[in-house]
Structure formats: structure tokens, C-alpha cells
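Tertiary structure, described
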Amino acid sequence: MKRIHQNPIFLIVALVVFVSLGCQAATLLPTNDGNGSGEVDDEAVVAAAVATVSAQADVIDISTPPQTTEVVTADLESRFIEIYNRVNPAVVHIFVFDDDGLFLTTGSGFVVDSDGNIVTNNHVVTGGAEFEVVFANGNRSRANLRGADVDSDLAVIQADDLPVGTQPVPLGDSSSLQVGQFVIAIGNPFGEAGSMSIGIISGLGRTIESQRVVAGGNFSIPQVIQTDAAINPGNSGGPLLNLNGEVIGVNSAILSTTGENSGVGFSIPVNAVRNIAPSLIAEGAYTYPYLGISMWPQPFTIRQLERLDLPPNGVYVTGVLEDTPADEAGLIGNNLSVSFTDDGDYITAINDQPVRDSDDLLSYLVFETTVGETVELTVIREGEEITLPLTLGERP
């Protein structure tokens, strides 16, 4: 009471609240119980209150409807349909035969120019002597092998007859991809022509080892795309597309113990296609830039880095082949499995581009350099940083 007397404003506010509540209660309370007694029915009061709250809730729901994804879903669905209808006519079913015309295998490919050149996988055409392609409209055509590259698992065949109106599939850019992007795979899994599957980019910067052993070890194609889009036998050579309908990769392999899709598929990055396919068409082969070194195959542990007094990012040279660009440039290698010392060179950058590991170095060589080009290697040698010019050769 003392507080009320000392704070008249508080008293006024309290009275206003009580009056307001009384008015609301008056609208809820019946004037009588139906018998003219005028007594209040507790159950009726509760029912009326619930009805009022429900009515208010209904008004709120109508004025602010819940958010839905129906519009987004419809747009995405329309995009998938549009891309399939636009791209599938240029995706072909490849049939491979031997010299006697006996069927060997089948795969996928996609038209990249108006001359009928079709990109596919090297492993699809390996061992083949005759090739036929079937287009989405049912047209069949003979095709001939223009060139193949075992290290990138890419090949180009050319169809004799291209259906009228066939539009080449545009090539995108695999350097700007992000994990989580939607992707679309079109191909012929298990012979089911014109099949489409969708997924996302699950990982970037993966590597696939070549089936050919070169001096210094196996070559690996860098910057391979990992996807969970369903890729099965027969999808090989088909395009992996972004939501613009551009090729971002060539479906090449799956990681599986059964030979069927397990949610881990791999695609050769389209930037490798940009570099390699023109040479396959023009010359039948592709020549890779070459250093002539062998490298420490796995990342160093912290303890190893501390022992060698090296920074965490770089490539340790474990061997230099004679009469190679690396030998002529004066690079020094040290076989760490024999002597774990810092006698070998440690490459930290190429043309001022930092390299974290051998994959980074390989990626730069494949995508950014050409045979005959002189590059600058930043090297740590016996604790000191030096720069070595090196003229790239042709990989044997």
C-alpha cells in the first residue's frame, strides 16, 4: 500500500489493466445460466475463452501463412526437366566392338562441337576397333577414335553422322565449384539409355591414379570431383552438369566394393577436358609438362616437420631423374626412407603460387603450364629459401 501511495502512476496503470481485463471478461461471461438465474457457469467461461484464443490463432495463421518450399521445388524441378531436354539429345550411347565385330563394352559420351566430336573416357574405348553411337532420337552412327589419354582417362571419338539440330553441350569451369552444389549426371547405366540422376558435389580436389606407371611413380589426375549423384557401369564418359546445363566433369569411376553405386562417384574436371581434348582431336595424344622428380608420397607429421625444420606446406623431393628438366635445373633429391635428413629440396611454390602438397604441384603443372615453358620454383634448401628456374619438358 505504501508503494501505491508513493507511486500514483503505478495505481493508474493498474486500474487501467483491471478495467481492460474486466471488459474482456464481460464479453466472455454469459448474462445467465439459461435458467434466468444470472449465475456464472464456470464451464461456459472456459469454453468461451478457448474459443476466443482459437479464433485469434486462426486470424494469425491467415495473416502470416507458414513458409513453404513449394515454389522453390517447382522451379528446381522445372530446371531439371529443361536441362535434360536440352542436353540429352547430345548425350550418346557408345558401343565398342573388336576387330571381328564382337561386342566388348558400352559407355556414354557427349557431343562437344558441330564436327561430331564426342568426349568420353579412355577406359570406355580401350581395346576397341569399331565404335557405334546411338543418339537420344534413336539415330545410329559409326564413329572413329580421334585420340585417347590413359592418364586423364579421357578420349575423343567422332561420329560420322550428327543428327540435324544436335547442339554441343557447353563446357563450364571446374575451378569455381563448391561442395554442396547441385549436379546432374546423364548417361546409360546398365544400358538404360538417357538416364538422369541428381546429387551434389560431395568433395573437391580428389585424385585418381592412372593405370600407366611413369618414371617416378604413378601419374594422378588432380582436382577430381566427388559426387553422390548415382553413377553406375555405363555412365562412364557421360557429362556431370551444373544447374546451367554446363559440363563440369566427365563421369569416370565409382568407389564401391560391389561395382555398383555406393554414393561415391568421381568425375574428371572439365578444365582437364579443355586442355586435353583439343590435342586429342588435332594430334591424337596429349603431352604433359614434366619435371622429372619423385616426391614424398604422404603429408609429413608435425614431428617429422620439426625434425626436418620445414614449414607445413610444401613438396619434398625424394629423387631427381638424370637428364630431365629437374636435373638440368639443379634440383636435389633425398630418399627419406634411407636417410631422414633435410638434404633434399623442399618446393614451396611454383611461379609464386604456394603448393601445399604434391597434388597442388601436379594441378598447377596440368592446368596452368605447357611444355617448353620456364617456371620458377621456390625451394628450401638446407634451411635457406632459393629460386630455381626450370624449363618444362615432355613427360615420357
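Our subject is the structure that appears above.
Residues numbered from 1 in each chain as written. Predicted model: local features only at pLDDT ≥ 70, side-chain atom pairs only at ≥ 80, totals over all residues. Heavy atoms only, no water.

Some details on the overall build of the chain
Tallying secondary structure elements over the chain gives nine helices and 20 strands in all. Residues classed as buried in the chain amount to 40% of the 396 residues present. (Helix = DSSP H or I, 4+ residues; strand = E, 2+ residues; numbered from the N terminus. Buried < 20%, exposed > 50% of the residue type's maximum accessible area, 1.4 Å probe, protein only.)

Regarding the pairing of strand 19 (residues 384–391)
Across eight bridges, strand 18 (residues 374–381) lies against strand 19 in antiparallel orientation. Within the sheet, the bridge partner assigned to Glu376 lies in strand 19 and is Pro389. The loop that links strand 18 with its antiparallel partner strand 19 comprises two residues; one of these, Glu382, has a positive phi angle of about 50°. (Pairing = 2+ DSSP bridges.)

Looking at the packing of aromatic side chains
Tallied over the full model, the rule gives eight aromatic pairs. Look at Phe80 and Phe182: their rings are 6.2 Å apart centre to centre, the planes differ by 80°, and that puts the pair in the edge-to-face class. Of this pair, Phe80 sits in helix 4 (residues 70–87) while Phe182 sits in strand 7 (residues 182–187), placing them 102 residues apart in sequence. Classification of Phe80 by relative accessible area gives buried; the value is 10%. For Phe182, a relative accessible area of 37% translates into the label partly exposed. Between Tyr316 and Tyr346, the ring centres sit 6.3 Å apart and the planes meet at 50°, which makes this aromatic pair tilted. Of the two residues, Tyr316 is situated in strand 15 (residues 315–320) and Tyr346 in strand 16 (residues 346–350); the sequence distance between them amounts to 30 residues. Residue classification places Tyr316 among the buried residues on the basis of a relative accessible area of 2%. Residue class for Tyr346 comes out buried when judged on its relative accessible area of 1%. Across from the ring centre of Phe95, 5.5 Å away, lies the NZ or CZ of Arg140, which sits over that ring. (Phe/Tyr/Trp six-rings, centres within 6.5 Å; stacked < 30°, edge-to-face > 60°. Lys NZ or Arg CZ within 6 Å of the ring centre and 35° of its normal.)

Quick word on the layout of surface pockets
There is about 580 Å³ of room inside the second largest pocket. Considering the residues around the second largest pocket, the lining is formed by 22 residues, among which Gln223, Asp360, Ser363, Tyr364 and Phe367 are closest to the centre. For the lining of the second largest pocket, the elements supplying multiple residues, two or more each, are strand 8 (195–214), strand 9 (217–227), helix 6 (270–283), strand 17 (353–354) and helix 9 (358–368). The leading source of residues in the lining of the second largest pocket is helix 9, at six residues. Its residues placed into classes, the lining of the second largest pocket shows eight nonpolar, eight polar and six charged. (1 Å grid on protein atoms, 1.4 Å probe; cavity = no way out; pocket = protein on both sides within 12 Å on 5 of 7 lines; lining within 4 Å. Points joined across faces, edges and corners; volume = space filled by probe spheres on them. Nonpolar A, V, L, I, M, F, W, Y, C, P; charged D, E, K, R; others polar.)

What to know about a negative patch on the surface
Taken together, Asp309, Asp342, Asp343, Glu382 and Glu384 make up a surface patch of like negative charges. Judged by relative accessible area, which is 42%, Asp343 ranks as partly exposed. (Patch = residues over 30% accessible without salt bridge, like charges linked within 9 Å, V, L, I, M, F, W, Y side chains within 5 Å. Areas by Shrake-Rupley, 256 points an atom, 1.4 Å probe, with all protein chains shown as cover. Salt bridge = Lys/Arg side-chain N within 4 Å of Asp/Glu carboxyl O. Lys, Arg positive; Asp, Glu negative; His and termini not counted. Charge placed at Lys NZ, Arg CZ, Asp CG, Glu CD.)

Some details on the sheet that holds strand 2 (residues 103–111)
One closed barrel accounts for six strands, arranged 1-2-3-6-5-4; its pairing is antiparallel. With direction set aside, neighbouring strand axes in the sheet form an average angle of 40°. Sheet topology note: the strand 4 (residues 130–134)/strand 5 (residues 140–149) ladder contains four bridges and is antiparallel. Bridge pairing in strand 5 places Val134 opposite Arg140. Against the sheet, helix 6 makes contact with strand 3 (117–120), strand 5 and strand 6 (154–159), and its axis sits at roughly 50° relative to strand 6, the strand it touches most. (Axes fitted to C-alpha atoms, helices over the stretch in contact; angles between N-to-C directions. Contact = heavy atoms within 4.5 Å.)

Details of the environment of Ser363
Within the secondary structure layout, Ser363 lies in helix 9. On a C-alpha basis, the gap between Ser363 and Ser220 in space is 9.5 Å, while along the polypeptide they are 143 residues apart. Here Ser363 is in contact with Pro222, Gln223 and Glu368, once residues within four sequence places are set aside.

Looking at the side chain of Gln226
Relative to the assigned elements, Gln226 resides in strand 9. What makes Gln226 buried here is its relative accessible area of 14%. Ignoring anything within four residues of it in the chain, the contact list for Gln226 reads Ile200, Ile201, Ser202, Gly203, Arg206, Val264, Gly265 and Phe266.

Focus on helix 6
Given a rise of 1.5 Å per residue, 14 residues ought to cover 20 Å, and the 20 Å separating the end C-alpha atoms of helix 6 matches this to within 8%. Of all the bends in helix 6, the greatest reaches close to 35° and is centred on Ile276; the proline Pro278 follows between one and four positions later. Among the residues of helix 6, Val270, Asn271, Ala272, Val273, Ile276, Ala277, Ser279 and Leu280 are the ones counted as buried. The positive-phi residue at the C-terminal boundary of helix 6 is Gly284, with phi of around 85°. (Expected span 1.5 Å × (residues − 1). Bend = angle between axes of the 7 residues up to and from the residue.)

Some words on the nonpolar core
Counting residues in hydrophobic clusters, the biggest one holds 44 residues, and the most contacted among them are Val119, Val133, Leu154 and Leu241. Residue contributions to this core peak at six residues, all from helix 6. With sequence-adjacent residues up to four places away left out, Leu154 is seen in contact with Val119, Thr120, Asn121, Asn122, Ala148, Asp149, Val250, Ile268, Ala272, Val273, Ile276 and Leu280. Counting 19 residues, the second-largest nonpolar core is a separate cluster that includes Ile293, Val317, Leu331 and Val379. (Core = buried A, V, L, I, M, F, W, Y, C linked by side-chain atoms within 4.5 Å.)

Looking at the pattern of salt bridges
Any two side chains of opposite charge can pair, on the condition that their charged atoms come close. Applying the stated criterion across every chain, the model contains five salt bridges. A salt bridge links Glu132 to Arg140; its shortest N-O distance comes to 2.8 Å. With a relative accessible area of 21%, Glu132 lands in the partly exposed category. For Arg140, a relative accessible area of 51% puts it in the exposed group. Taking the shortest distance from any N to any O, the salt bridge between Asp360 and Arg356 comes out at 2.8 Å. The exposed category is assigned to Arg356, whose relative accessible area is 52%.

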